[in-house]
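# Coordinates in review
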Amino acid sequence: MRWSQTFIPTLKEVPADAEIVSHQLLLRAGLVRKLTGGLYTFLPMGLRALTKVANIIREEMDRAGAIEVSMPLLQPVDIWQASGRYETMRDALYKVKDRAQKEWALCPTAEEVITTLAANELSSYKQLPKNFYQVGTKFRDEIRPRFGLMRAKEFVMKDAYSFDTTDEGAMASYRKMYDAYTRIFARCGLRSFAVEADTGVIGGNHSHEFMIPAETGENDVVYCEACNYAANVEKATSALPPTAARELGAVVEKFATPGVVTIEALTKDPYKVAANRQIKTLVYIADSQPVLVLLRGDDQLNEAKFMARTGAVAARPATAEEIVPLLGARPGSLGAVVNVPKGVRVLADERLRGANDMTTGANEDGFHFRNVSMERDIQVTDWFDLRTVSAGEPCPKCAKPLKIRRAIEVGHVFKLGTKYSEKLNATFLDEKGQRAPAVMGCYGIGVTRTLQAVIEQGNDKDGILWPVSVAPYQVCLTPLVVTPGSAPMELAEKLHSELTAAGLEVILDDRDERPGVKFKDSELVGFPLRVGIGEKSLAKGEVEFKPRGGALEAVKVEDIAPKVIAWVRGELAKLR
RNA sequence: CGGGACGUGGCUCAGCCUGGUAGAGCGCCUGGUUUGGGACCAGGAUGUCGCAGGUUCAAAUCCUGUCGUCCCGACCA
């Protein structure tokens, strides 16, 4: 390919819209252009890199025994109603109406479609297991599109769905995908790691997310360097002991705390109640029902855990206007000792189990209770792990201190069980002629997000540092004189056909630009290898061999082609 | 949706506070000089200052509304 023939609109300045490096480079290197928030046009270089990622995924999915299909992007809403996700996906689901005012959904993911297919086509254990995958556009009505391709309204996803006859079979399918994912990200040149994850609205009971460590990531990951425990904060636990029991005061005692509405204020004079001796009482509205949540004063509620434990579809903190008629006091004086209306669930965090000598709100503005015992004085409906883990707490597996870091989620594997197969009738007949729902798994990779993660992880002050496996072109030939018939141009053209014939992907910068411009552009776009051909070095029978991010090397003209070929193949081999 | 910031040529921004009818750099076009790290000189094109109201003799500038973008939070590949 000739540079002048393709389209690589590079930008010298950082676009005002882009905050994080990968987003800036996506724009500056001419890989994509924004149509509007969350919607991007892929330009030739971006498309090539994206296709490379997609093809690596295809190869590994195929290797793992999955089979590629392509499902409709426009889906009937009735299957969404049948699965129950028409409700749970809610606003994230794009809906469109046709001329008859009938409603359709734009595919955000395809469990419903594939399960419908399975229901119709997979009827015998002899046909299982099967794992279907596709690579294609997905739509989500994101509340806030962000960071370029990282969180877009429309994005490319690889989604796969496995159907097994047994739970063990499903676990094996899961494991295969887990291993395939590990290979996929390694081949994309990414340092990735898997973490235990919350399953969210997709459902299921076993799940890992694949993470790329990056400060700009949207996830907090808790991990242990000693034993490899790693989990999304939404899921992470720690081995902190429950609150120590103390000698219990005689009875619950009410005391005045005028103006005290925070845990912090109660720790100060004249009260001096340590935060870890307070019970924090939160009121949430979960699926329209008020729920009290009790945590230790120094703990934070983990909303993901709250959602998971309660099975709520939607939850939010209650407003003061909702709380006052419910408990008789304003936030800051709430508690669960008295005045808890019948039927209102009281959820307590495990860390409060057995706690006594605690202080909590009296459900009366300006008053608190002391000498409170969880067991004796509070009617707890359910005990759950609801707190958010912080760095330094003991690892749940080996008790060494946990760490927390930010990361980008690029893939997610779920064991779904029979949630969808039951609702959408994806059953099969087993060896004994018994009908049973298929045991499913689903597996996603954000292809566009992975592409951006590659850039986020591989860049320097000059531009992108592509791994050869993902680079839009592997080699950039840079003749410094482009006059037809000139020695540099002739050699560049000869090398172009020679390298291309050897299966390499080569771009020839035939633009009549000054050397500085061509060098800067090739580094910005990030081609892994540049071969510089100038008249001076050519006079000595040499050309320049310059790996991106590496040192420049003078190479004899007759040696350059084999050297380039060997280099590219060598780099590629490292990523297998 | 809540909180914050910002909308001025293709891009990055100044001008706004203190109203007087729009500027710079980059990019683009023409000619010339250059030619190993984002060249130089000369000339040129490109703006209903996001949009709609209002105040005023006069609005990019002040006021109101609205739309859009970006950042923080809820959502997720």
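Residues numbered from 1 in each chain as written. Chains lettered and ligands numbered in written order. Predicted model: local features only at pLDDT ≥ 70, side-chain atom pairs only at ≥ 80, totals over all residues. Heavy atoms only, no water.

## So, the layout of surface pockets
In this model, the second largest pocket occupies a volume close to 320 Å³. What lines the second largest pocket is a set of 22 residues, among which Lys280, Thr281, Leu282, Pro331 and Gly332 lie closest to the centre. Sorting the residues of the lining of the second largest pocket by element identifies α7 (263–267), β14 (279–286) and β18 (358–361) as the ones contributing at least two each. When residues of the lining of the second largest pocket are assigned to their parent elements, the largest contribution, six residues, is made by β14. Classifying every residue of the lining of the second largest pocket gives 12 nonpolar, nine polar and one charged. (1 Å grid on protein atoms, 1.4 Å probe; cavity = no way out; pocket = protein on both sides within 12 Å on 5 of 7 lines; lining within 4 Å. Points joined across faces, edges and corners; volume = space filled by probe spheres on them. Helix = DSSP H or I, 4+ residues; strand = E, 2+ residues; numbered from the N terminus. Nonpolar A, V, L, I, M, F, W, Y, C, P; charged D, E, K, R; others polar.)

## Details of the sheet that holds strand β4 (residues 74–76)
Spatial strand order, β4-β6-β5: three strands in an open sheet with antiparallel pairing. Each edge of the open sheet carries a strand with a single partner, namely β4 and β5 (94–97). Neighbour to neighbour, the strand axes of the sheet diverge by 40° on average, direction disregarded. Sheet topology note: the β5/strand β6 (residues 103–106) ladder contains four bridges and is antiparallel. Across the sheet, valine 96 pairs through a bridge with tryptophan 104, a residue of β6. (Pairing = 2+ DSSP bridges. Axes fitted to C-alpha atoms, helices over the stretch in contact; angles between N-to-C directions.)

## Observations concerning unusual backbone geometry
What is expected of a backbone is that most residues other than glycine have negative phi and most peptide bonds are trans. Here the amide bond leading from leucine 128 into proline 129 is cis, since omega sits at 0°, within 30 degrees of zero. Mapped onto the fold, proline 129 is located in the loop between α5 (111–121) and β7 (130–139). Looking along the chain, the bond that leaves aspartate 269 and enters proline 270 is cis, with omega of 0°. As for its position among the elements, proline 270 is in the loop between α7 and β14. Phi is positive for lysine 272, which is not a glycine, with a value near 50°. Note on placement: lysine 272 falls in the loop between α7 and β14. Phi at asparagine 371 takes a positive value of approximately 65°, unusual for a residue other than glycine. Residue position: asparagine 371 is located in strand β19 (residues 367–372). Among the residues examined, asparagine 371 registers a relative accessible area of 14% and is labelled buried. (Buried < 20%, exposed > 50% of the residue type's maximum accessible area, 1.4 Å probe, protein only.)

## Things to note about the packing of aromatic side chains
Following the criterion strictly, the structure yields 10 aromatic pairs and no others. Judged by centre distance (6.3 Å) and plane angle (50°), the rings of phenylalanine 255 and tyrosine 271 are tilted. With phenylalanine 255 in strand β13 (residues 253–256) and tyrosine 271 in the loop between α7 and β14, this pair connects stretches of sequence that are 16 residues apart. In this pair, the class of phenylalanine 255 matches that of tyrosine 271, namely buried. Pairwise contacts between aromatic rings join Tyr178, Tyr181, Phe185 and Phe210 into one cluster. It is lysine 95 that lies over the ring of tyrosine 86; its NZ or CZ is 4.6 Å from the centre. Positioned above the aromatic ring of tyrosine 178, the side-chain terminus of arginine 175 is 4.5 Å from the ring centre. (Phe/Tyr/Trp six-rings, centres within 6.5 Å; stacked < 30°, edge-to-face > 60°. Lys NZ or Arg CZ within 6 Å of the ring centre and 35° of its normal.)

## Side note on the domain arrangement of chain A
For chain A, the assigned domains are domain 1 (31–237 + 403–456), domain 2 (253–384) and domain 3 (466–574). Listed by partner, the interface residues are nine residues for domain 1 and six residues for domain 2. For the pair domain 1 and domain 2, the two sides together bury roughly 490 Å², of which 55% comes from carbon and sulfur. Inspection of the region where domain 1 meets domain 2 yields zero salt bridges. Where domain 1 meets domain 2, there are two residue pairs in polar contact (both at pLDDT 80 or more). A per-class count over the side of domain 1 that touches domain 2 returns two nonpolar, two polar and five charged. (Domains from an automatic or database assignment. Contact = heavy atoms within 4.5 Å. Buried area = accessible area lost by both parts, 1.4 Å probe. Salt bridge = Lys/Arg side-chain N within 4 Å of Asp/Glu carboxyl O. Polar contact = N/O pair within 3.5 Å; in protein donor to acceptor, adjacent residues only side chain to side chain.)

## So, empty space enclosed by the protein
Counting across every chain of the model gives two cavities of 30 Å³ or more. Reported here for the largest cavity is a volume of approximately 60 Å³. Along the walls of the largest cavity sit Phe147, Met150, Thr216, Gly217, Glu218, Asn219, Ala407, Ile408, Glu409 and Arg449, which together make up its complete lining. Here the lining of the largest cavity takes three residues from strand β21 (residues 403–417), the largest share from any one element.

## Section: the protein's contact with RNA strand B
As a matter of local geometry, RNA strand B sits amid 48 residues, with Arg140, Ile143, Arg144, Glu523 and Glu544 nearest to it. One of the side-chain nitrogen or oxygen atoms of threonine 36 is found 2.9 Å away from a phosphate oxygen of RNA strand B. Here a base oxygen of RNA strand B and a backbone polar atom of glycine 534 are 3.3 Å apart. If you list the elements that add at least two residues to the surface near RNA strand B, you get β1 (32–36), β8 (154–164), β21, β24 (439–446), α14 (515–525) and α15 (535–539). Of the residues in the surface near RNA strand B, the class split is 18 nonpolar, nine polar and 21 charged. (Near = heavy atom within 4 Å.)

## Focus: the packing of helix α1 (residues 21–28) against helix α12 (residues 447–457)
The geometry of α1 relative to α12 is characterised by a closest axis approach of 8 Å and an angle of 105° between their N-to-C directions. With respect to their mutual orientation, α1 and α12 come out roughly perpendicular. Within the contact between the two elements, α1 uses Val21, Ser22, His23, Leu25 and Leu26 and α12 uses Gln452, Ile455 and Glu456. Taken together, the residues of the contact of α1 with α12 break down into four nonpolar, three polar and one charged. (Parallel < 35°, antiparallel > 145°, perpendicular 65-115°, else oblique.)

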